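Summary of structural features
So the chains spell out like this:
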Protein chains: 4
Amino acid sequence: MYGWEKFMSERDKQHDLLWGKKELYGFGKRPALLLIDIYYSVLGLKREPIFESMETWSSSTGLEGWAAVDKTAELLEVARSNQIPVIHVKGLQSGINSWSRNTRMRVPLSDELRQKGSEIVDEVKPVYGELVIEKASPSAFPGTPLLFHLNSLGIDTLICCGETTSGCVRATTVDGATHRFHMGVVADCVFDRTEASHYMNLYDLHQKYADVVDLAAAKQYFQEIGAISKIGVRA
Amino acid sequence: MYGWEKFMSERDKQHDLLWGKKELYGFGKRPALLLIDIYYSVLGLKREPIFESMETWSSSTGLEGWAAVDKTAELLEVARSNQIPVIHVKGLQSGINSWSRNTRMRVPLSDELRQKGSEIVDEVKPVYGELVIEKASPSAFPGTPLLFHLNSLGIDTLICCGETTSGCVRATTVDGATHRFHMGVVADCVFDRTEASHYMNLYDLHQKYADVVDLAAAKQYFQEIGAISKIGVRA
Amino acid sequence: MYGWEKFMSERDKQHDLLWGKKELYGFGKRPALLLIDIYYSVLGLKREPIFESMETWSSSTGLEGWAAVDKTAELLEVARSNQIPVIHVKGLQSGINSWSRNTRMRVPLSDELRQKGSEIVDEVKPVYGELVIEKASPSAFPGTPLLFHLNSLGIDTLICCGETTSGCVRATTVDGATHRFHMGVVADCVFDRTEASHYMNLYDLHQKYADVVDLAAAKQYFQEIGAISKIGVRA
Amino acid sequence: MYGWEKFMSERDKQHDLLWGKKELYGFGKRPALLLIDIYYSVLGLKREPIFESMETWSSSTGLEGWAAVDKTAELLEVARSNQIPVIHVKGLQSGINSWSRNTRMRVPLSDELRQKGSEIVDEVKPVYGELVIEKASPSAFPGTPLLFHLNSLGIDTLICCGETTSGCVRATTVDGATHRFHMGVVADCVFDRTEASHYMNLYDLHQKYADVVDLAAAKQYFQEIGAISKIGVRA
């Protein structure tokens, strides 16, 4: 449906016919939009294909990343104009020892570029009043006050965008489902470095933890919530 | 390395050459063996190919599951004979509302079969003194006292077996890494319903959160720890 | 107000006039009733004064405990008849290493009595359909699926009874406030072994984390919620 | 022992003889020092008695706070000179909705004073390389990466100083015990606004969750750990 079929074996496709998800779970009444780890270091300062971008930014996701950012900017505008709470998630810059044991060699960066790399890209940057959560884990939940804030707002649904599909987006979506939120992942707005990981994680998330939807569906959902909110019948 | 290449695109393979993990992270000094969700309902009472088994057990993993169980039984014996703590994880049977919103039709089961389905299979069943953790989430960490127990024992490394690679094994491995444990996943001892999910999750776990190792390496690690323990120089 | 004054210093009373809580925080729209650790081992099988009861049950709370149990039974009936979800919390019997480092000598008990000691007392025992949460920590939150269940039900308020005021009731109330629930503690329905701890913990909880209310107020709150629920205007 | 007796009833003292803690639990091999919420807003800019200080700083703890800060500075020096990791904890300044429902009137402050109020006092301020954890809860554990960091360092013991004894110190100590750390609370280095709360919380913590020790004992413990560390036999 979203491109995962081309990575599945024939047996997998047959299994999917028997046991695959046939209907969406559905979303709730009080969503928030969660934008996960959309910084320059995973996109680069220029819009370049992944292998060119990696010459400077080792962890870049290339043009697929930028395409997803543009779609995310569209969804962000719809969220803002419908009073859907927006929460940005990024890595905590502190002395906490990292969860990652990764020792890959990165291209050396100047201090200035390294700092720039940690900034949320202009296309989706936070505006006044939007919460920015800093995390020291793949998921946005453990070791952060995200859950406290969602509970205080009565949020029951999280719509996720960002990167990587197989990393922080997946980990956050699993934890959101664990905490009994309705979880949505916008296929057009999540991105990865590895194509097979991107598509198979979308598949896993859709089968087990979330509804994977396209940009149009996510926009429509926010607009419906916004319309209900405006006529004041929301609980 | 463990079979994931055949599911990756050409671009992914090229990316892996540039950025893929080249060296293992390494394990710590005080491991535990974690056996995740190895019940009859995901294996069936008979050893049958997946589609035959699914005629009774909708969520069966078929012969691949049984093959992994046999390897897990081998590793379990090595763990026990080297005084490595063993922890079994299974679903909590209670009135907690499930994290899963899955509404798939399952083959109807008698109460007796349903009960049998929730039992850990004989090949790896707990013996006296081994902890059984019951969970109400995909991962073995949230909503369980697993972390408390690991901390009380000074465990620094978890070696994971069980199912599914793309479900509870993955979620547990991500959470273990988040909590700064050294994580290992035994490729021969984890299993899934979907081949592409199995292999791409192994790939993701190896790239980001864990060392994926084979059965021989896991056995050797436990034997080394056991030998150190016996001569009494372990910290 | 609830008896804490007699344990406070003159300076404390003066401080309370300046900075003490003057108004209740208020409760929300979807409460649950939480009954914490109400077993025979903290009450004894007979209704006896604390020092007599301690001759068999070292951790008994004596007659004050039984008085609170009787009031709790009254509140439980009101909760049940108004469809307020009831959740029982008790200690997990398993191989998890305890959080307590307590090495006090207890009076030796037969296996039968020890087993009886771990049972919830008849006066407030769970009925079919009521959740029983087992915990391996002072608070009912860490290491249990309580939070998942509350979120799945949309609960926004927890009304707490049980023991001890200075132990599991306090720890649970602090964690509930941390997770942004409205917390209530029913002064008549919580109990302790130490009078000063009981009253000063009530004071602390009321000042910082919860509304301490009496039995009548708790009953009235459940009746109001029940009435709203019956006429179907609850959100 | 530490002053709590004068707040206890006669029955409480008798109970304590029967059931009170008689021996320390003992500490572990790898401690960290935790300094909790030691800002100007709870101390004031000048050293004044509590009621004078409250004329500007509503939540001040007065001279008892400053006395504890001076003792904490002594302990901090011993920790630093013995390579004991030091972790500072303070409130998170962000858009997270507070756990506190407190609506008490505070004395109005200028922006400058408010900012100053949120700074850790000079006497114990962090030096380069010391971790500062920001929290949105009473306890330093929930919603922060503290636990991840402690696990990554192999810490098994936390020695706590700061304020308030009945608030963030208590909540943090309970959570540390829940996570199976050895917990210590330095009686001379914790402080509160309410005398009865201070002493009865010390009593509760000592009875259930921690060893309450004096400054001399805490210094000696750090010196012993430092000495072991220097001769290189620490595990």
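Residues numbered from 1 in each chain as written. Chains lettered and ligands numbered in written order. Predicted model: local features only at pLDDT ≥ 70, side-chain atom pairs only at ≥ 80, totals over all residues. Heavy atoms only, no water.

Under the annotation held in an unreviewed UniProt entry, chain A carries the name Isochorismatase family protein and is attributed to Paenibacillus baimaensis.

Brief notes about the overall build of chain A
Using the following cut-off: What counts as a helix is a DSSP run of H or I of at least four residues, what counts as a strand is a run of E of at least two, and both are numbered from the N terminus. To get the radius of gyration, use the C-alpha atoms; to get the globule rule, take the number of residues to the power 0.38 and multiply by 2.2 Å. For every residue, the accessible area (1.4 Å probe, protein chains only) is compared with the maximum for its type, and the residue is labelled buried under 20%, exposed over 50%, or partly exposed between those bounds. Accessible areas in this description were obtained via Shrake-Rupley with a 1.4 Å probe; residue shielding takes into account the shown protein chains only.
A count of helices and strands for chain A gives eight helices and six strands. Overall, chain A shows an N-to-C arrangement of helices and strands of α-β-α-α-β-α-β-α-β-α-β-α-β-α. A compact globule built from 235 residues should have a C-alpha radius of gyration of about 18 Å, and chain A, at 18 Å, falls within 12% of that. Structurally, chain A occupies a C-alpha span of about 55 × 50 × 30 Å along its principal axes. With 235 residues in all, chain A has 60% of them scored as buried. Accessible surface computed for chain A: about 9200 Å², of which carbon and sulfur atoms make up 52%.

A word on empty space enclosed by the protein
Heads up, the rule is: Cavities and pockets are found on a 1 Å grid laid over the protein atoms alone: a cavity is a set of points where a 1.4 Å probe fits but cannot escape, a pocket is an open set with protein on both sides within 12 Å along at least five of seven lines, and a lining residue has an atom within 4 Å of such a point. Grid points are joined across faces, edges and corners, and a volume is the space filled by probe spheres set on the points. Three classes are used: nonpolar for Ala, Val, Leu, Ile, Met, Phe, Trp, Tyr, Cys and Pro, charged for Asp, Glu, Lys and Arg, and polar for all others, with Gly counted as polar.
Within the structure shown, the criterion is met by four cavities of 30 Å³ or more. Of the voids in this model, the largest cavity is the one considered here, and its volume is about 820 Å³. As for the largest cavity, its lining consists of 33 residues, of which His-179 of chain A, Pro-142 and His-179 of chain B, His-179 of chain C together with His-179 of chain D are closest to the centre. Those elements giving two or more residues to the lining of the largest cavity turn out to be α5 (146-153) of chain A, α5 (146-153) of chain B, α5 (146-153) of chain C together with α5 (146-153) and α6 (168-178) of chain D. Of the residues belonging to the lining of the largest cavity, the class tally is 16 nonpolar, 13 polar and four charged.

Quick look at the interface of chain C and chain A
The following threshold applies: Throughout, a residue-residue contact means that at least one pair of heavy atoms, one from each residue, lies within 4.5 Å. Computed with a 1.4 Å rolling probe, the buried area is the accessible surface lost when two parts are put together, summed over both parts. By definition, a salt bridge exists where a carboxyl oxygen of Asp or Glu is found within 4 Å of a side-chain nitrogen of Lys or Arg.
Taken together, the contact between chain C and chain A spans eight residues of the former and eight residues of the latter. Both faces considered, chain C and chain A share a buried interface measuring about 840 Å² in area, 68% of it formed by carbon and sulfur atoms. In terms of surface lost to chain A, no three residues of chain C exceed Phe-148, Asn-151 and Arg-180 of chain C, which account for 57% of the buried area on that side. Between chain C and chain A we count zero salt bridges in total. Counting residues per element, the side of chain C that touches chain A draws most heavily on α5 of chain C, which supplies four residues.

Here's the deal with the pairing of strand β1 (residues 31-36) of chain A
Residue and element names in this part refer to chain A. Heads up, the rule is: Two strands qualify as a pair provided DSSP detects at least 2 bridges between them.
Taking burial as the measure, the six residues of β1 include six buried ones, the bulk of the element. Here β1 shows no split at all, with Pro-31, Leu-33 and Leu-35 on one side and Ala-32, Leu-34 and Ile-36 on the other all buried. Sheet topology places β1 next to strand β4 (residues 157-163); six bridges connect them, and they run parallel. Residue pairing in the sheet places Ile-36 in a bridge with Gly-162 of β4.

A few points about the sheet that holds strand β1 (residues 31-36) of chain C
Residue and element names in this part refer to chain C. So the rule is basically this: To obtain an axis, a line is fitted to C-alpha atoms, over the contacting stretch when the element is a helix, and the angle between two such axes runs from 0 to 180 degrees between their N-to-C directions.
The strand order β3-β2-β1-β4-β5-β6 describes an open sheet built from six strands, whose pairing is parallel. Where the open sheet ends on each side, the last strands, each with one partner, are β3 (131-135) and β6 (211-213). If you compare each strand with its neighbour and ignore which way they point, the axes differ by 25 degrees on average. Most of the contacts of helix α3 (residues 62-81) go to strand β5 (residues 182-191), to which it runs at about 135 degrees, and overall it touches β1, β2 (86-91), β4 (157-163) and β5.

What about the pairing of strand β5 (residues 182-191) of chain A?
All names here are of chain A. Rule in force here: Handedness of a crossover is defined as follows: with both strands directed away from the viewer, a clockwise route from the first strand across the helix to the second makes it right-handed.
For β5, the buried fraction is high: nine of the ten residues fall into the buried class. Judged from the six bridges that link them, β4 and β5 form a sheet pairing that is parallel. Note that in β5 the partner of Gly-162 across the bridge is Val-190. In this structure, β5 lies alongside strand β6 (residues 211-213), joined through three bridges in parallel fashion. Bridge pairing in β6 links Val-186 to Val-213. Read from β5 through helix α7 (residues 195-208) to β6, the crossover connection turns out right-handed.

What to know about the environment of Val-132 of chain B
All names here are of chain B. Here Val-132 shows up in strand β3 (residues 131-135). By relative accessible area, Val-132 is classed as partly exposed at 34%. Separated by 65 residues in the primary sequence, Val-132 and Ala-67 place their C-alpha atoms 23 Å from one another. Aside from chain neighbours lying at most four places away, what touches Val-132 is His-88, Lys-90 and Pro-126.

What to know about the confidence of the model for chain A
For the record, the criterion: Scored from 0 to 100, pLDDT records how confident the predictor is in each individual residue.
On average, chain A scores 95 in pLDDT, and the residues at 70 or more come to 98%. Scoring the predicted complex yields pTM 0.96 and, for the interface, ipTM 0.96.

What to know about the interface of chain A and chain B
The following threshold applies: For the purposes of these results, a polar contact is taken to be a pair of N or O atoms within 3.5 Å, where, inside protein, one atom must be able to donate a hydrogen and its partner to accept one; residues adjacent in sequence count only when each atom of the pair is a side-chain atom.
Between chain A and chain B, the residue contacts involve 55 residues of the former and 55 residues of the latter. Summed over both partners, the interface of chain A with chain B buries about 5000 Å², with 53% contributed by carbon and sulfur atoms. Together, Arg-11, Trp-19 and Arg-101 of chain A form the three largest contributors to the area buried by chain A at its contact with chain B, with a combined 18%. Between chain A and chain B we count four salt bridges in total. Ionic pairing is found between Arg-11 of chain B and Glu-195 of chain A, a salt bridge with its closest N-O pair at 3.8 Å. Our count for the chain A to chain B interface comes out at 27 residue pairs in polar contact (both at pLDDT 80 or more). Listed by contribution, the elements that provide at least two residues to the side of chain A that touches chain B are α1 (10-19), α2 (50-53), α6 (168-178) and α7 of chain A. For the side of chain A that touches chain B, the leading source of residues is α7 of chain A, giving nine residues.

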